[in-house]
Amino acid sequence: GTPDDAAFFIRNGVLQLCKRGAAVKKAPQRWQDTPSDDISIHDVVIAFEERIFDAVVEDMQLREPTENFAPVHIICLDTKDNPHEAQLQGKIALDLCWLLEKAGGDLLTKAPEIVDAFQQERMTHTPIKVLYQLCYL
């Protein structure tokens, strides 16, 4: 591209978003391409956009159950896709993950309460839309 192209992508933040993505994954990834056995080893999946959350939940409902048929907690922390919001929401997601980790082996019964309490607490600081769905795979 031309220097004008580079300046345009720097100005609108796309270049920084691409660099951030390249730092955490080697190529674009599609949830739907991930094998069920790879997904089922996780207890929690966090999406950062409502449309992605909806796509993940729909995909989970369409998949054939795995041998373990284990619960997977799908959570959405709806985030604007810009570097500042991504950094802020990353910290918020980490806080939520630590709360869920403390539930230990009782995540199945405690996760809905933890997510609800987390959303209520977050609303007093940083308003954030939190969605939750329990799926089995």
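As the structure is a prediction and not an experimental result, all values here were calculated from the model. (Residues numbered from 1 in each chain as written. Predicted model: local features only at pLDDT ≥ 70, side-chain atom pairs only at ≥ 80, totals over all residues. Heavy atoms only, no water.)

K.L.:
Just checking my understanding: could you explain a nonpolar patch on the surface for this structure?
P.N.:
Together, F8, F9, I10, V14 and L15 make up a nonpolar patch on the protein surface, roughly 400 Å² of accessible area in all. Looking at the nonpolar patch, the elements that each hand over two or more residues are α1 (3–11) and α2 (14–24). With 3 residues, α1 is the single largest residue contributor to the nonpolar patch. On the basis of relative accessibility, which here comes to 32%, the residue L15 falls in the partly exposed class. (Patch = residues over 30% accessible without salt bridge, like charges linked within 9 Å, V, L, I, M, F, W, Y side chains within 5 Å. Areas by Shrake-Rupley, 256 points an atom, 1.4 Å probe, with all protein chains shown as cover. Salt bridge = Lys/Arg side-chain N within 4 Å of Asp/Glu carboxyl O. Helix = DSSP H or I, 4+ residues; strand = E, 2+ residues; numbered from the N terminus. Buried < 20%, exposed > 50% of the residue type's maximum accessible area, 1.4 Å probe, protein only.)

K.L.:
Help me understand the nonpolar core in this model?
P.N.:
Considering soluble globular proteins, one finds that nonpolar side chains tend to be buried as a cluster. With 14 residues, the main nonpolar core has I75, L77, L96, L100 and V130 as its most contacted residues. Elements with a minimum of two residues in this core: β2 (71–77), α5 (83–102) and α6 (107–125). The biggest single contributor to this core is α6, with 5 residues. V45, A47, F53 and C76 belong to the second-largest nonpolar core, a separate cluster that totals 12 residues. (Core = buried A, V, L, I, M, F, W, Y, C linked by side-chain atoms within 4.5 Å.)

K.L.:
Can you help me understand unusual backbone geometry in this one?
P.N.:
Negative phi characterises most residues that are not glycine, and trans characterises most peptide bonds. Of note, the phi angle at F69 is positive, near 40°, even though the residue is not glycine. Classification of F69 as partly exposed rests on a relative accessible area of 44%.

K.L.:
Help me out: how do you make sense of the side chain of H73 in this one?
P.N.:
Following the sequence through the fold, H73 ends up in strand β2. Under the relative-accessibility criterion, H73 is labelled buried at 3%. Of the polar contacts made by the side chain of H73, one reaches the side chain of Y132; its length is 2.7 Å. Discounting residues that sit within four places of it in the chain, H73 has contacts with D43, V44, V45, L107, L108, A111, Y132, Q133 and L134. (Polar contact = N/O pair within 3.5 Å; in protein donor to acceptor, adjacent residues only side chain to side chain. Contact = heavy atoms within 4.5 Å.)

K.L.:
Just checking my understanding: could you explain the pairing of β2 for this structure?
P.N.:
One face of the sheet, then the other: side chains in a regular strand alternate in exactly this way. Of all 7 residues making up β2, 6 are buried, and the element is well covered by its neighbours. Each parallel crossover has a hand, and the one from strand β1 (residues 44–47) via helix α4 (residues 50–62) to β2 is right-handed. One ladder, built from 7 bridges, connects β2 with strand β3 (residues 130–136); its direction is antiparallel. Across the sheet, H73 pairs through a bridge with L134, a residue of β3. (Right-handed = clockwise from strand over helix to strand, strands pointing away. Pairing = 2+ DSSP bridges.)

K.L.:
How should I be thinking about the sheet that holds β3 in this particular structure?
P.N.:
Strand-to-strand pairing in sheets goes through backbone hydrogen bonds, with the strands running parallel or antiparallel. Across the sheet, which stays open at both edges, the 3 strands sit in the order β1-β2-β3 with mixed pairing between neighbours. Lying at the two open borders of the sheet, with one neighbouring strand each, are β1 and β3. Averaged over all neighbouring strand pairs, the angle between strand axes comes to 20°, with direction disregarded. Examined bridge by bridge, β1 and β2 share 4 bridges and lie parallel to one another. Within the sheet, the bridge partner assigned to A47 lies in β2 and is C76. The sheet contacts of α5 involve β1 and β2, and relative to β2 the element is tilted by about 150°. Against the sheet, α6 makes contact with β1, β2 and β3, and its axis sits at roughly 170° relative to β3, the strand it touches most. (Axes fitted to C-alpha atoms, helices over the stretch in contact; angles between N-to-C directions.)

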